[in-house]
Amino acid sequence: MIDNQTIMLAIIVSSIATYFCRSMGVIFSSRLRIDSWIFDWIKCISIGIIVAVISKIIIFPEGILENTSKISRFLATVSLVIIYYFFGKNVLLSVSLGTAIFTILSFYNI
Amino acid sequence: MINFPIKQGIKYSFGTPALGLGLSMFTFGAFLKSSGFTIWQSFSSTFFAFALPGQFVMADLLIAGGSILNIFFAVLLTNARLFPMTINLIPIIQNKKIAKWKFFLISHLIAVTAWINMFASYKDIKENNRFEYFLGLGGSLWITSILFTVLGYVCSDFINNKILLGLVFFNPLYFLIMTLSNILNRKLLVVFILSAILGPFLNYFSPSWGVLIAGFISGSIGFFYFRVKNDR
């Protein structure tokens, strides 16, 4: 069991690390204009990082998802995209069904 | 007093955005309980260090016996995406009438769900109202996250572990669809495809830096390729 002091210290340092990224972003954004090319470039990088994070979670997850099978994650993701486009880009329906498929596959250890 | 733009933001967050983030936070709360955290510590984690991937990294490293310095740098790298995301979002909500320090406060609400939904909706909001609108949108997602973390902590004993596991996957699937729905031109489509391939590939060689490098390379290739192409 981890002691309380260590947990609190971990929460404090992770709060500082998280806020550091945001506050640096505020400082660096001060002279940026929405219609500038740098704004557009940084948007491409932001979307690139978000997609990289998502694909990493699906293909090489860490933590609790590590114990699930690649096939269940892959099938749920493919179903999600198919359902999304098939049902007129319905976000809630596609994500709910995708999650349900993943849950059922994981439940039966597939 | 909650004004109209704040209410608009809150209204936009209700439904799928709040549900997606809420379910993931619910599972995170349950996970913290099984890892030996107290309810107050679970609350504090989402209250102060609000950004789920970093929160998971913190808890995972603690369980694995990582040092505090380890945790600091791992969370810093995991949440480094918040840096370009904040650079992008602040100019959208920029308003000369609002004091600079308020942007430092509101930046705490910037996370993937709020960011994606802000980009999906900000053009429908008047420029002068966007700060309050984001306050409503991001603020309600933050409060929802805190509530669901605590709820997950409290309810963890009553829910099957495998169902909890399924709920964790709601959020990446939601992020994926929301990102796909924001791909409105060929440039972003190139970034999306490149990054989806490069992300796991580079992560294999460098688990700490892979995702950031993949995002930077694919974002830059997509951007500069179309910039040069359009200049011709």
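Residues numbered from 1 in each chain as written. Chains lettered and ligands numbered in written order. Predicted model: local features only at pLDDT ≥ 70, side-chain atom pairs only at ≥ 80, totals over all residues.

Asks: How should the overall build of chain B be read in this particular structure?
Replies: Within chain B one finds 13 helices and zero strands. Starting at the N terminus, the α and β elements of chain B follow one another as α-α-α-α-α-α-α-α-α-α-α-α-α. Here the C-alpha radius of gyration of chain B, 19 Å, is about what a compact globule of 232 residues would show, namely 17 Å. Projected onto the principal axes, the alpha-carbon positions of chain B cover approximately 60 × 50 × 35 Å. Here chain B holds 232 residues, and 55% of them are scored as buried. Sequence separation of at least 24 residues holds for 79% of the intrachain contacts in chain B that already meet a minimum separation of 6. (Helix = DSSP H or I, 4+ residues; strand = E, 2+ residues; numbered from the N terminus. Rg over C-alpha atoms; globule rule 2.2 N^0.38 Å. Buried ≥ 20, exposed ≤ 12 C-beta atoms within 10 Å, placed from the backbone. Contact = placed C-beta atoms within 7 Å.)

Asks: Help me out: how do you make sense of the overall build of chain A in this one?
Replies: Tallying secondary structure elements over chain A gives four helices and zero strands in all. Shown N-terminal to C-terminal, the secondary structure of chain A runs as helices and strands in the order α-α-α-α. Principal axes of the C-alpha set define a box for chain A whose edges measure 50 × 50 × 20 Å. The buried share of chain A, reckoned over its 110 residues, is 42%.

Asks: Would you mind showing me how to read the interface of chain B and chain A here?
Replies: Reports often express the size of an interface as the amount of accessible area lost when the parts come together. Between chain B and chain A, the contact holds 78 residues from the first and 68 residues from the second. For the side of chain B that touches chain A, the class distribution of residues is 50 nonpolar, 23 polar and five charged. (Nonpolar A, V, L, I, M, F, W, Y, C, P; charged D, E, K, R; others polar.)

Asks: Just to check I follow, could you spell out the confidence of the model for chain B for this structure?
Replies: Do not read the fine detail of predicted coordinates wherever pLDDT is low. In this model, chain B carries an average pLDDT of 92, and 99% of its residues clear a pLDDT of 70 or more. Here the prediction assigns the complex a pTM of 0.90, and the interface score ipTM is 0.90. (pLDDT = per-residue confidence, 0-100.)

Asks: What's the story with the nonpolar core in this structure? I'm lost.
Replies: Considering soluble globular proteins, one finds that nonpolar side chains tend to be buried as a cluster. Core analysis: the biggest nonpolar cluster contains 106 residues, and Met58, Ile71, Trp115, Leu173 and Ile177 of chain B have the highest contact counts within it. If you tally residues by element for this core, the top one is helix H2 (residues 37–59) of chain A, at 12 residues. (Core = buried A, V, L, I, M, F, W, Y, C linked by C-beta atoms within 7 Å.)

Asks: Honestly, the domain arrangement of chain B in this entry has me stumped. Any pointers?
Replies: All names here are of chain B. Partitioning chain B into structural domains gives domain 1 (4–182) and domain 2 (184–232). When each unit is reduced to the centre of its C-alpha atoms, the spacing between domain 1 and domain 2 is 24 Å. Counting residues at the interface gives five residues for domain 1 and six residues for domain 2. In terms of residue class, the side of domain 1 that touches domain 2 is built from two nonpolar, two polar and one charged. (Domains from an automatic or database assignment.)

Asks: What is the right way to look at the packing of helix H1 (residues 4–29) of chain A against helix H4 (residues 52–64) of chain B in this model?
Replies: The relative placement of two packed helices is expressed as an angle between their axes plus a distance between the axes. Remark: H1 of chain A packs on H4 of chain B, axes separated minimally by 10 Å, with the N-to-C direction vectors making an angle of 145°. Seen along the crossing, H1 of chain A lies across H4 of chain B with a hand that is right-handed. Counting all contacts with H1 of chain A, which are made through Ile7, Ala10, Ser14 and Thr18 of chain A, the residues of H4 of chain B involved are Gly54, Met58 and Leu62 of chain B. A breakdown of the residues in the contact of H1 of chain A with H4 of chain B according to their chemical character gives four nonpolar, three polar and no charged. (Axes fitted to C-alpha atoms, helices over the stretch in contact; angles between N-to-C directions. Left-handed = near helix turned anticlockwise from the far one by under 90°.)

Asks: Is there a simple way to explain the environment of Met58 of chain B in this structure?
Replies: Residues and elements named next belong to chain B. Residue placement: Met58 occurs in helix H4. Classification of Met58 as buried rests on a count of 26 C-beta atoms within 10 Å. The spatial distance from the C-alpha of Met58 to the C-alpha of Ile71 is 5.8 Å, given a sequence separation of 13 residues.

Asks: Where do I start with helix H4 (residues 91–107) of chain A in this structure?
Replies: Owing to its 3.6 residues per turn, the α-helix aligns residues three or four sequence positions apart on the same side. Over its 17 residues, H4 of chain A extends 24 Å from the first C-alpha to the last, a length consistent with the 24 Å expected when each residue adds 1.5 Å. Within the sequence span of H4 of chain A, burial applies to Ser94, Val95, Gly98, Thr99, Ile101, Phe102, Thr103, Leu105 and Ser106 of chain A. Packing partners of the buried residues in H4 of chain A comprise helix H3 (70–86) of chain A together with helix H2 (16–34), helix H10 (161–168) and helix H11 (170–181) of chain B. Count one or two residues on from H4 of chain A and you reach Asn109 of chain A, which has phi positive near 55°. (Expected span 1.5 Å × (residues − 1).)

Asks: Can you walk me through the domain arrangement of chain A in this structure?
Replies: For chain A, the domain assignment lists domain 1 (1–31), domain 2 (33–61) and domain 3 (68–110). For domain 2 of chain A and domain 3 of chain A, the distance between their C-alpha centres works out to 23 Å.

Asks: Help me out: how do you make sense of unusual backbone geometry in this one?
Replies: Glycine aside, negative phi is the norm for most residues, and most peptide bonds take the trans geometry. The phi angle at Lys89 of chain A is positive, at roughly 55°, despite the residue not being glycine. Structurally, Lys89 of chain A can be placed in the loop between H3 and H4.

Asks: Would you mind showing me how to read helix H5 (residues 68–78) of chain B here?
Replies: Here H5 of chain B has its buried residues at Ile71, Phe72, Ala74, Val75 and Thr78 of chain B. Where H5 of chain B is buried, its residues contact H1 of chain A together with H4 of chain B.

Asks: Help me understand the environment of Thr103 of chain A, please; the structure alone is not making it clear to me.
Replies: Along the chain, the position of Thr103 of chain A falls in helix H4. The spacing of Thr103 of chain A and Phe20 of chain A is 83 residues in sequence and 36 Å in space, taken between C-alpha atoms. The contact partners of Thr103 of chain A, leaving out residues within four places of it in the chain, are Ile163 and Gly166 of chain B.

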